[in-house]
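# Architecture at a glance
Chain by chain, the residues run as shown.
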Amino acid sequence: MRESVVQAEVMMSFVVSEELSFRIPVELRYETCDPYAVRLTFHLPGDAPVTWAFGRELLIDGVGRPCGDGDVHITPSDSESFGDVLIRLQVGVDQALFRCGTAPLLAFLDRTDRLVPLGQERSLADFDTHLDEALDRILAEEQSAG
């Protein structure tokens, strides 16, 4: 049976200010049932884990150049080297900044590309079925909550 999930755990720095940051474990996850997205689950001390999902292509592009619109912005910390990547997540006026080494992100992205090459996401035979199921589940959750 072909692998359908790529997972990795990396340590990222949660940057509170220029003077204060602390290391936290972050789970990276990619699944063929949602081939356009990656999920990052942040394990902040004393809080429940928080998961963000965004485009795999955004993460790929952000390793090499500043990119992102809306709630997720990714940029290399230094355009001259591949040292670290900064990931800024924003909800309204609240935002969080994380710093991660480029090497573990590239290793994770390489594994996702071996599973589903970039640009071949649509070729997954059951993607449309999974998308329809996910949309139905989201709509049902919204209707039951409201």
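Parameters and conventions
Throughout this description, residue numbers start from 1 for each chain and increase along the sequence as written. This being a predicted model, a pLDDT of at least 70 is required before a residue's local features are given, and a value of 80 or more before pairs of side-chain atoms are given or counted; all residues contribute to the totals for chains, interfaces and linings. Hydrogens and water molecules were not included; the side-chain quantities draw on all heavy atoms of the structure. Per the convention used, a helix needs a DSSP run of H or I reaching at least four residues, while a strand needs a run of E reaching at least two, with both numbered from the N terminus. The criterion used for residue contact is that any of the two residues' heavy atoms lie within 4.5 Å. Computed with the Shrake-Rupley method and a 1.4 Å probe, the accessible areas treat only the protein chains shown as cover for residues. Pairing between strands requires that DSSP locate at least two bridges from one strand to the other. Helix axes are fitted to C-alpha atoms over the stretch in contact, other axes to C-alpha atoms as well, and angles between N-to-C directions run from 0 to 180 degrees. When an angle is under 35 degrees it counts as roughly parallel; over 145 it counts as roughly antiparallel; between 65 and 115 it counts as roughly perpendicular; any other value is oblique. Helix crossings get a hand from a simple test, with the near helix turned counterclockwise from the far one by less than a right angle marking a left-handed crossing and a clockwise turn marking a right-handed one. Buried means the residue's accessible area, taken with a 1.4 Å probe over protein chains only, is under 20% of the maximum for its type, while exposed means over 50%, and partly exposed covers the values in between. Along the arc lie the directions from the helix axis toward the C-beta atoms. Any Lys or Arg side-chain nitrogen found within 4 Å of a carboxyl oxygen on Asp or Glu counts as a salt bridge. The quantity called pLDDT is the predictor's confidence in a given residue, expressed from 0 to 100. Within 6.5 Å between ring centres, the rings of Phe, Tyr and Trp (the latter by its six-membered ring) count as paired, and their orientation is classed by plane angle as stacked under 30 degrees, edge-to-face over 60, tilted in between.

It is worth spelling out the overall build of the chain at this point. A count of helices and strands for the chain gives 3 helices and 7 strands. Counting only contacts in the chain whose residues sit at least 6 apart along the sequence, the fraction spanning at least 24 positions is 35%. For the chain, the accessible surface area stands at approximately 8,900 Å², while carbon and sulfur atoms represent 51% of it.

In the sheet, strand E1 (residues 5–15) pairs with strand E2 (residues 21–31) via 11 bridges, with the strands oriented antiparallel. Bridge pairing in E2 places Glu9 opposite Glu27. Hairpin remark: E1 followed by E2, antiparallel, with 5 residues in the connecting loop. Inspection of the sheet shows E2 paired to strand E3 (residues 37–42) by 4 bridges, in the antiparallel sense. Within the sheet, the bridge partner assigned to Leu28 lies in E3 and is Leu40. As consecutive antiparallel partners, E2 and E3 are separated by 5 residues.

On to the sheet that holds strand E5 (residues 72–76). Spatial ordering of the open sheet is given by E4-E3-E2-E1-E7-E6-E5, a layout of 7 strands whose pairing is antiparallel. A single partner strand is all that each edge strand has here, and the edge strands are strand E4 (50–55) and E5. When strand polarity is set aside, the average angle formed by the axes of neighbouring strands in this sheet is 30 degrees. Bridge count between strand E6 (residues 84–91) and strand E7 (residues 94–101): 8 bridges; the pairing is antiparallel.

Here the focus is the packing of helix H1 (residues 56–64) against helix H2 (residues 102–115). Any two packed helices are characterised by how steeply their axes cross, that is the angle between the axes, and by the distance between the axes. Following both chains from N to C, one finds H1 and H2 inclined at 140 degrees, their axes separated by 11 Å at the closest point. By the angle between their directions, the pair H1 and H2 is classed as oblique. Relative to H2, the crossing made by H1 is left-handed. Where H1 approaches H2, its residues Arg56, Leu59, Ile60 and Val63 are matched on the opposing element by Thr102, Leu105, Leu106, Leu109, Thr112 and Asp113.

Looking only at H1, the buried set comprises Arg56, Leu58, Leu59, Gly62 and Val63. Buried residues along H1 cover an arc of 160 degrees about the axis, so they all sit on one side. Buried residues along H1 sit against E2, E3, E4, E5, E6 and H2.

A few words on the pattern of salt bridges. Pairs can form between side chains of opposite charge once their charged atoms are near each other. In total, this model carries 6 salt bridges according to the counting rule given. Across the salt bridge formed by Arg65 and Asp61, the nearest N and O atoms sit 3.4 Å from each other. Since its relative accessible area comes to 26%, Asp61 is described here as partly exposed.

With that settled, the discussion passes to the confidence of the model for the chain. The predicted model of the chain has a mean per-residue pLDDT of 87, with 88% of residues at 70 or higher. Considering each helix and strand of the chain separately, the mean pLDDT is smallest for helix H3 (residues 127–145), with a value of 71, and largest for E3, with 96.

As a further point, take the packing of aromatic side chains. Applying the stated criterion across every chain, the model contains 3 aromatic pairs. Ring geometry for Phe14 and Phe22: centres 5.2 Å apart, planes at 90 degrees, overall edge-to-face. The class for Phe22 is partly exposed, based on a relative accessible area of 30%. Ring centres of Phe14 and Phe98 lie 5.1 Å apart, and the angle between their planes is 25 degrees; on these two criteria the pair is classed as stacked.

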